[in-house]
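Reading the structure
Listed below are the residues making up each chain.
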Amino acid sequence: MSSVKVVDVIIRKTAEKAELTGEGNMSVSISSPAVIEIQGSAQDVARYVRQGKDLLIYMNDGSV
């Protein structure tokens, strides 16, 4: 069973922050420059891969 993930999206121009939560795989689409913060530690990340314009982050629990 995957644990709950928390991802913060911060819009650079306005500094507006949105918190997203979910279990398992998550997909975040942005339409303007933003900072994406994944709540976790570097030890939680198994690997990451650039796929076109996407960055896929593979977590140790099996989620992407």
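Refer to the structure printed above.
A brief report on the enclosed structure follows. In this text, all values refer to a predicted model and were calculated from it rather than measured experimentally.

Next up on the list: unusual backbone geometry. Here the phi dihedral of Ala15 falls at roughly 65 degrees; this positive angle occurs in a residue that is not glycine. Counting through the fold element by element, Ala15 comes out in the loop between strand 1 (4-11) and strand 2 (17-23). Assessed through its relative accessible area of 56%, Ala15 is described here as exposed.

Let us look at the pairing of strand 5 (residues 54-59). Bridge count between strand 4 (residues 45-51) and strand 5: 6 bridges; the pairing is antiparallel. Among the inter-strand pairings, Arg50 is bridged to a residue of strand 5, identified as Leu55. Counting the residues in the hairpin turn of strand 4 and strand 5 gives 2 residues, including Gly52, whose phi is positive at 65 degrees.

Conventions adopted
- Residues numbered from 1 in each chain as written.
- Predicted model: local features only at pLDDT ≥ 70, side-chain atom pairs only at ≥ 80, totals over all residues.
- Heavy atoms only, no water.
- Helix = DSSP H or I, 4+ residues; strand = E, 2+ residues; numbered from the N terminus.
- Buried < 20%, exposed > 50% of the residue type's maximum accessible area, 1.4 Å probe, protein only.
- Pairing = 2+ DSSP bridges.

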